[in-house]
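Structural characterization, general
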Amino acid sequence: MRLPPTTPTISISRITAEHGQGANARATLAPTSLDIHRGESVAVVGRSGAGKSTLADIVLGLRPPAGGRVSVCGEGWCTPAERPPRRSRHLVQGVPQDPTTAFVPRWTLRQSIERAVRALTGDRDVEPRVRDAAALAQLDPELLDRRPSEVSGGQAQRAAIARALAAGPAVLVADEPTSALDADTALAVSSALLTIARETEIALLLVTHDPELAERCTRTVTLTAPSV
Amino acid sequence: MRHSSALGIASRLLSGVALLLVAGALPWLSQRDPAASVLRARYAELDPTPEALASIRTELGLDGGPVVTSLRWWSGVLGGDLGTSWVSGGQIGPGVWDALAVSATLTSLAIVVALVIAAALVTPAALRVLRDRPQRGSGPVGVALTALPEFLLASAFLVVVAVQLRWLPPYGWGGLDTAILPSLALGIPAGGLLGRLLADAVSGVAEERWVNVWRLAGAPRAVILAGTLRRAAAAVVDQLGLVVIGVLGGAVAVEQVFAIPGIGRYLLGAANAQDLPALQAGVLLMALAAGLVGVVTGLARRTLRGGPLPPGALPPPPEPRSDGRAARWTAGAALGLLLLIFAFGLPRDPLALDHPRLAPPSLELPFGADASGRDLLARVAHGTIGTLLPSLGIVLLAIVVGLLLAVLGELSRGPAEIANGTPPILAGVIVAALLGPSVGGAAMAVLWVTWPPLTAHAAALIDEASAAPHVRWLPLSGVSRVEIWGRHVLPATIPALLRHGMLRLPGVALALAALGFLGLGAQPPRPEWGLLLSEGIDYVERAPWTTLAPALALILTSVLAVALAGIRRTRRNHRAEDPLAADRLDAVAPRR
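Residues numbered from 1 in each chain as written. Chains lettered and ligands numbered in written order. Predicted model: local features only at pLDDT ≥ 70, side-chain atom pairs only at ≥ 80, totals over all residues.

Turning our attention to the domain arrangement of chain B. All names here are of chain B. By domain assignment, chain B separates into domain 1 (5–78), domain 2 (93–305) and domain 3 (324–344 + 400–588). Computed over C-alpha atoms, the centres of domain 2 and domain 3 are 22 Å apart. With 31 residues of domain 2 at the contact, the number on the domain 3 side is 29 residues. Elements supplying a minimum of two residues to the side of domain 2 that touches domain 3: α7 (139–146), α8 (150–164), α11 (221–257), α12 (263–273) and α13 (276–305). (Domains from an automatic or database assignment. Contact = placed C-beta atoms within 7 Å. Helix = DSSP H or I, 4+ residues; strand = E, 2+ residues; numbered from the N terminus.)

Next comes the structure, spelled out in structure tokens:
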């Protein structure tokens, strides 16, 4: 998707989140604004309870914000009342914290990725997309026919990246994508993510605890816990 | 609370109003034309011409539709007028008050019995706390005491103590001697259950960390014991309310067995005679009693826990660890004997009248013959189908209802609380009065009390399944919400719900048999266990085997139910997998 360079790929404006309803509601995310352009990678850091994962979930459309709005590629993505529109669902994809549990256990990795591509793009012939995405994520194609429990954590994370890329997203949200991996695999996976973001001109929102990884991103945003 | 409590309050208010309206409109709701039955009862010589029926309808105040009928009745009640009996034409007021006084005495005596038994059961656990040697599980005595439902225990007392031994009068309501057997029959199962819950809670509380802290601080043992008992009582106070409501329901059966002129017998009589104004008055008083129990329980909870607490402030009540192996063997043995009766009796004819009347047991007739000369082995075996098949249907329906209502979440809170406060027998009486006694009506009544625990469990399972990471991430793959529910969330809940439902099957069968015993379920000549037992009771002096055969089948089912409950408690590898966790939620109603 080509946009004028001045338009951010994703624009987050004054997003807030609450836990609970009515009188019991408690703020979990202080008002946050953030623009990410294509090819840019932004590291979101902050202490536990600052709302990092909440922000990731809102941008992914997994939970509605309590206030503010998010737009993607110049179009409305979500507000407290509106869920992400179905036709642009493929534009924002995610890489999970624990990749092994983020795949349906009874499906092979290929089934998970193919179903996602078919549902998101409407394409019938999904094989080339899956092959390209696996190559981009540096995932051995033979592993595609295994189930999530039959591959290592690093391999599952590469499969999760492949699943996200196969849909052709403009924004990639990674919530602590390396916290379940050992140090060497973590380095390889995070490097792959940053390279992919730069080369395919995807806007990357990376939630992390790791200061070194944050430093390798284009920018760093620090969240602070909402005052009670 | 994670979910909106405003919805819960709205649901309770709406259900309450609906309940009041329905209670007032009962006469209008009756399926069998009330005008016709009143005409038959009062003016036997009149022909049921349309004019005669219409005038009766006007006379009964049924001409205005359900809301008008209901409002008219409630305004009468508020003015102290309980209405006029359809059958006798007399005022309902005095009779029903007398019946209430009798039942209140009986229930109070039964609660005294229950408290004595509970105290006896909890003493060993308390002594172990004093000796700093807590042990889990409440032992076999408590299990044995809860094994028999009230109607079975009452029949057994009647046969053995009153008829065979002639120690006490078999029926009536006069001096203290007539009250002993009924209050024992009513109090023993309640006391056993209460004692087990308390003993389990005391043993569990004794393992909590603060007990050790107090010990290390040098607190006297009596202080530790008092603290433990108080904390254990707070944990079971909600269950106490349910036990007392169970006693109110059980009183119907016990009053029927011992011919006691209490409110339960009054209700049964009203249901059988289609005297709906009398039924309304009885149900109203029962509901008031249940409401009173609720208020007292609430006050007790407040006193014990020091005011309302935010959810999660109290650790969950301790879960007892019973001996899984013993429970499994008991369940297996009871099931095996039931299957044996079933296999030998099924090929025989349960309806043929080709044996001598009341023939004693012999090789040819292992269980003897009943008063019409029918083979009792065949009748009991075919009764398995007549009792267990409807029970299976009830359980499956309850699972479906449970899933549907769990999806509704907070909205099902009001109905769940009402259903929890309804004894199955009372539900059976109301349904039978409206639709006439039938297996389907009895099944509806039992279904009404079966769905709340399954709904609570389904809600917990749905919460767990939707929180699984792969389900949470499905929207990213473009999977619609309908598909997520239909293909990923609901299928994940079915196996655990089926297992839970099967564990409840024997309990459901017993509730159904209790209704059959009272004449509110299956009708003669159908072989159904409860009905067989009540048929046998009339001949108990001449031919005790007529009650022994169906009682045996019912006792085996009771043992199976209690043993399965024991197995249920020991399976705790998974929280939402654990129906007991769901049982605890019963009192709190489903959340979502």
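Another aspect to go through is the confidence of the model for chain B. Residue and element names in this part refer to chain B. Here chain B averages 80 in pLDDT, while 87% of its residues score no lower than 70. The least confident element of chain B, judged by mean pLDDT, is helix α23 (residues 579–588) at 38; the most confident is helix α19 (residues 469–472) at 90. Taken as a whole, residues 571–592 scores under 50 in pLDDT and shows 55 contacts with residues more than four places along the chain or in a different chain. For this predicted complex, the interface confidence comes out at an ipTM of 0.88, alongside a pTM of 0.75. (pLDDT = per-residue confidence, 0-100.)

Residues and elements named next belong to chain A. On the basis of which strands lie adjacent, the open sheet formed by 5 strands has the order β6-β7-β8-β3-β9 and parallel pairing. Across the chains shown, the open sheet's two edge strands, defined by having one partner strand only, are β6 (92–95) and β9 (219–223). Going from strand to strand, the sheet's axes swing by 20° on average, the running direction of each strand aside. Pairing analysis gives 4 bridges linking strand β3 (residues 41–46) to strand β8 (residues 203–207), with the strands arranged parallel. Opposite Ala43, over in β8, you have Leu206 as the bridge partner. On top of the sheet, helix α1 (residues 52–60) reaches β3, β6, β7 (171–175), β8 and β9; it is set at about 150° to β7, its chief contact. (Pairing = 2+ DSSP bridges. Axes fitted to C-alpha atoms, helices over the stretch in contact; angles between N-to-C directions.)

Take the sheet that holds strand β2 (residues 26–36) of chain A next. Residue and element names in this part refer to chain A. Pairing is antiparallel across the open sheet formed by 4 strands, whose spatial order is β2-β1-β4-β5. Edge strands, defined here as strands with exactly one partner in the open sheet, are β2 and β5 (75–78). For this sheet, the mean inter-axis angle between neighbouring strands, taken without regard to orientation, is 30°. Inspection of the sheet shows strand β1 (residues 10–19) paired to strand β4 (residues 67–72) by 5 bridges, in the antiparallel sense. Bridging from a neighbouring strand, Thr16 pairs with Gly67 of β4.

As judged from the 5 bridges shared by β3 of chain A and β9 of chain A, these two strands associate in the parallel manner. What sits directly across from Val44 of chain A, in β9 of chain A, is Val221 of chain A.

Moving on, we come to the nonpolar core. The biggest cluster of nonpolar side chains holds 230 residues, and the ones touching the most others in it are Val171 of chain A together with Val429 of chain B. Filtering out sequence-adjacent residues up to four positions away, Val429 of chain B remains in contact with Val252, Leu267, Leu268, Ala271 and Leu520 of chain B. (Core = buried A, V, L, I, M, F, W, Y, C linked by C-beta atoms within 7 Å. Buried ≥ 20, exposed ≤ 12 C-beta atoms within 10 Å, placed from the backbone.)

Take the environment of Ser30 of chain B next. Residues and elements named next belong to chain B. Looking at the secondary structure, you find Ser30 in the loop between α2 (26–29) and α3 (34–42). Spatially, the C-alpha atoms of Ser30 and Ala433 are 7.4 Å apart, while their sequence positions differ by 403 residues. Once you skip the residues sitting within four places of it in the chain, Ser30 turns out to touch Leu276 and Leu434.

Contact residues are listed per partner, giving 13 residues for chain B and 21 residues for chain A. If one sorts the elements of the side of chain B that touches chain A by residue count, α19 of chain B sits on top with 3 residues. A per-class count over the side of chain B that touches chain A returns 7 nonpolar, 4 polar and 2 charged. (Nonpolar A, V, L, I, M, F, W, Y, C, P; charged D, E, K, R; others polar.)

The subject of this paragraph is the environment of Thr195 of chain A. Residues and elements named next belong to chain A. Inspection of the secondary structure assignment puts Thr195 in helix α5 (residues 183–200). By C-beta crowding, Thr195 is classed as exposed, having 12 other C-beta atoms within 10 Å. The sequence separation of Thr195 and Leu136 amounts to 59 residues, and the corresponding C-alpha distance is 9.8 Å.

Residues and elements named next belong to chain B. Closest axis-to-axis distance for the helix α18 (residues 439–467)/helix α20 (residues 481–517) pair is 9 Å, and the angle between their directions is 160°. Here α20 runs roughly antiparallel to α18, going by the angle between their axes. The way α18 lies across α20 gives a crossing that is right-handed. Tallied by class, residues from the contact of α18 with α20 come to 17 nonpolar, 7 polar and 1 charged. (Parallel < 35°, antiparallel > 145°, perpendicular 65-115°, else oblique. Left-handed = near helix turned anticlockwise from the far one by under 90°.)

Attention shifts here to unusual backbone geometry. All names here are of chain B. Omega for the bond connecting Pro524 with Pro525 falls within 30 degrees of zero, at 5°, which places this linkage in the cis form. The backbone phi angle of Ala259 is positive, close to 50°, even though this residue is not glycine. Considering the arrangement of structural elements, one finds Ala259 in the loop between α11 and α12. Positive phi outside glycine occurs at Leu358, with the angle close to 55°.

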